[in-house]
Amino acid sequence: MKSSHLLRNIPSVSDLLESPPLKGLVERISHNVVVEGARSVLDDLRQELQQKAGDMPVPAVGELAERIARKILRDERPVLRPVINATGVILHTGLGRAPLAEQAVDDVVVNSRDYCSLEFDLASSARSHRTLAVQHLLTQLTGAEAALVVNNNAAATLLVLTSLADGRHVIVSRGQLVEIGGSYRLPEIMAASGALLREVGTTNKTHPRDYQGAIDESTAALMRVHTSNYRVMGFASDVSIQSLVAIGREHRLLVIDDIGSGALLDVNQFGFSQEPLARASIEAGADVAMFSGDKLLGGPQCGIILGRRELIEKMSRHPLARAVRVGKMTLAALSATLKLYRDPDTARRFIPVLQLLSTPVDNLKNRAERLAPQLNACAAIGEARAMEDVAFLGGGSLPTQQLPTWCIALTPQTATVEQLAKSLRTAEAPVVGRIRQNQLLLDLRTVFPRQDQQLVQTIRALSD
Ligand SMILES: *Cc1c(COP(=O)(O)O)cnc(C)c1O
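The numbering scheme is per chain: residues are counted from 1 as the chain's sequence reads. Only residues with pLDDT of 70 or above have their local features reported here, since the model is predicted, and side-chain atom pairs are shown and tallied only from 80 upward, although totals for entire chains, interfaces and linings are computed over all residues. No hydrogens and no water enter the side-chain calculation; it runs on all heavy atoms of the structure.

1. Comments concerning the domain arrangement of the protein chain
Where we set the bar: An automatic or database domain assignment supplies the start and end points of every domain. In what follows, residue pairs with any heavy atoms lying within 4.5 Å of each other are defined as contacts. Summed over both partners, buried area is the accessible surface (1.4 Å probe) that two parts give up on being assembled. For this analysis, a salt bridge means a side-chain nitrogen from Lys or Arg found within 4 Å of a carboxyl oxygen belonging to Asp or Glu.
Considered domain by domain, the protein chain is made up of domain 1 (3–76), domain 2 (84–94 + 357–463) and domain 3 (102–350). Put simply, the middle of domain 2 and the middle of domain 3, counted by C-alpha atoms, are 34 Å apart. Listed per partner, the contact involves ten residues of domain 2 and 15 residues of domain 3. Of the roughly 1,000 Å² buried between domain 2 and domain 3, counting both surfaces, carbon and sulfur atoms make up 69%. Summed over the shared surface of domain 2 and domain 3, the result is zero salt bridges.

In structure tokens, the structure reads:
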């Protein structure tokens, strides 16, 4: 048959809308969305029929309606969806870094559904400052005089440098000019801030005399940056924050400490070394310290600035502070998370990042050994085996930030390992693992026990 005849046989949109699957969707979603979806599938079909003139029958109304319904449902899925993180990377930037504690989630929900006391003192009806409540918690937990919360640590660094060092030099060791996750590079943030970077020392060694020798009348501050995702090891040395503070005091210069993760409790108890504590930076005498809220702290994305009162006040008054301020959902989540830290045991029990870090490796082993036979029995899986491995704190694979873990190593039945990984990523409840040596590893260090059965169900639902 000629394609023009075939085209005439294509059902009309109004016929299709009468079919049960689309009728249901009109009620559930909306008339416009279903019409739009039907038109788009029909357009594709017309093109296909013209290209393959005669080699292809026109699908029946029922089949076409099903196809349209599947497309609409696919498009209706929210942009952000919950994922089972089986990568073993605890602070996975691609997967949203820290999951929030239930208490934080609840406070976000109630305060965003209704109006809330964001900048309003209920006792006096006066206008208050939006970060007041968290400021109090932050100073209590860290010993800092004052605190400020902004959109993320990049914004914190920008605000600190712009408001305290614009047009003047900030001295940084060459070993600490970090790049984080591609788009954050300290020299670029510094350039954008208007402060001038003065590099000292070498990649592997920087001495106190290097800072001292670089100080002149144009110097505003000495800055230390935590090397979150790499270490300079071997013939290496850097200057401690204590020594930097001593030099700063001697020359009446500010000392700024970008501690990156900024743990509020000592995570070195979980087997890491050299993860800086926010409190330690303040105790050492840093004038300003900043860190992310969604890394080791385990809260929402935000940047926390701690420091001396007059400096924090100066920063708060800068116009940039307004441009990088946080919203009510962030503040609700942050204050609920910080409250949990008032008792370290409560923090370990309820903050998901700390739960994952502190899970004993034997628990992971037991779960892996229980899950492996269940996965072995799934049609898509050739072999599933429990195995020991290492998990990571962040995207970089720093030896000082690795944790023992147990995985389930999957070998597909007939598909390739890439196809298996893709089927899991694109499943209704997506699972992301890591591929190694032709196996898909599902790392239990980052899977919550409540997700174990969902994991099994997702794999069971795959066809081989
Ligand atoms: C992660 C990190 C940043 C960037 O923080 P964001 O909250 O992602 O903006 C800056 N400096 C250091 C040392 C970091 O580790």
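2. Some details on unusual backbone geometry
Peptide bonds are, in most cases, trans, and in most cases residues other than glycine have a negative phi. The test is simple: Strands here are runs of E lasting at least two residues and helices are runs of H or I lasting at least four, both read from the DSSP assignment and numbered beginning at the N terminus. Any residue under 20% of the maximum accessible area for its type is buried, any over 50% is exposed, and the rest in between are partly exposed; the area is computed with a 1.4 Å probe on protein chains only.
Unusually for a residue other than glycine, serine 125 sits at a positive phi of about 65°. Following the sequence through the fold, serine 125 ends up in the loop between helix H6 (102–113) and helix H7 (132–142). For serine 125, a relative accessible area of 48% translates into the label partly exposed. You will see that asparagine 438, though not glycine, has its phi angle at about 65°, which is positive.

3. Description of the nonpolar core
Selection rule: Nonpolar core, defined: a set of buried Ala, Val, Leu, Ile, Met, Phe, Trp, Tyr and Cys residues in which side-chain atoms within 4.5 Å join the residues together.
By size, the foremost hydrophobic cluster in this structure holds 43 residues, and its most contacted members are Leu306, Leu338, Tyr341, Leu354 and Leu357. At the level of secondary structure, the elements contributing two or more residues to this core comprise H7, strand S2 (146–150), helix H12 (278–284), strand S9 (288–292), strand S10 (303–307), helix H15 (328–340) and helix H17 (352–358). Residue assignment places this core across two domains, with domain 2 (84–94 + 357–463) and domain 3 (102–350) each supplying three or more. Look past the residues within four positions of tyrosine 341 in its chain and what remains in contact with it is Leu141, Leu264, Leu265, Leu296, Leu297, Ala347, Ile351 and Leu354. Ranked by size, the runner-up nonpolar core spans 34 residues in total, among them Val172, Val178, Ala220 and Val324.

4. Focus on the layout of surface pockets
Picture a little ball the size of a water molecule; that probe, rolled over the atoms, points out where space is still empty. Going by this rule: Residues are said to line a cavity or pocket when one of their atoms sits within 4 Å of a point; the points come from a 1 Å grid over protein atoms alone, cavities being sets where a 1.4 Å probe fits but cannot get out and pockets being open sets with protein on both sides within 12 Å along at least five of seven lines. Grid points are joined across faces, edges and corners, and a volume is the space filled by probe spheres set on the points. Under this grouping Gly is polar, as are all residues other than the nonpolar Ala, Val, Leu, Ile, Met, Phe, Trp, Tyr, Cys and Pro and the charged Asp, Glu, Lys and Arg.
In this structure, the largest pocket encloses a volume near 1,200 Å³. Looking at the largest pocket, it is lined by 44 residues, and the ones nearest its centre are Pro82, Val83, Leu95, Pro99 and Leu100. At the level of elements, strand S1 (84–85), H6, H15, H17 and helix H18 (361–376) are the ones that each hand at least two residues to the lining of the largest pocket. A total of four residues in the lining of the largest pocket trace back to one element, the largest contributor, which is H6. For the lining of the largest pocket, the residue count by class is 26 nonpolar, eleven polar and seven charged. Split by domain, the residues of the lining of the largest pocket number at least three in each of domain 2 (84–94 + 357–463) and domain 3 (102–350). Taken as a whole, the second largest pocket holds about 770 Å³ of empty space. Taken together, 35 residues make up the lining of the second largest pocket; nearest its centre are Thr93, Arg97, Ile180, Gly181 and Lys295.

5. A look at the pairing of S10
Our working definition: Strand pairing requires that DSSP identify at least two bridges connecting the strands.
With five of its five residues buried, S10 lies for the most part within the structure. By the alternation rule, side chains of S10 split into Gly303, Ile305 and Gly307 and Ile304 and Leu306, which are all buried. Pairing geometry for S2 and S10, over five bridges, is antiparallel. By the bridge assignment for S10, alanine 147 is matched with leucine 306. Sheet topology places S9 next to S10; five bridges connect them, and they run antiparallel. Within S10, the position partnered with valine 288 by the bridge is glycine 307.

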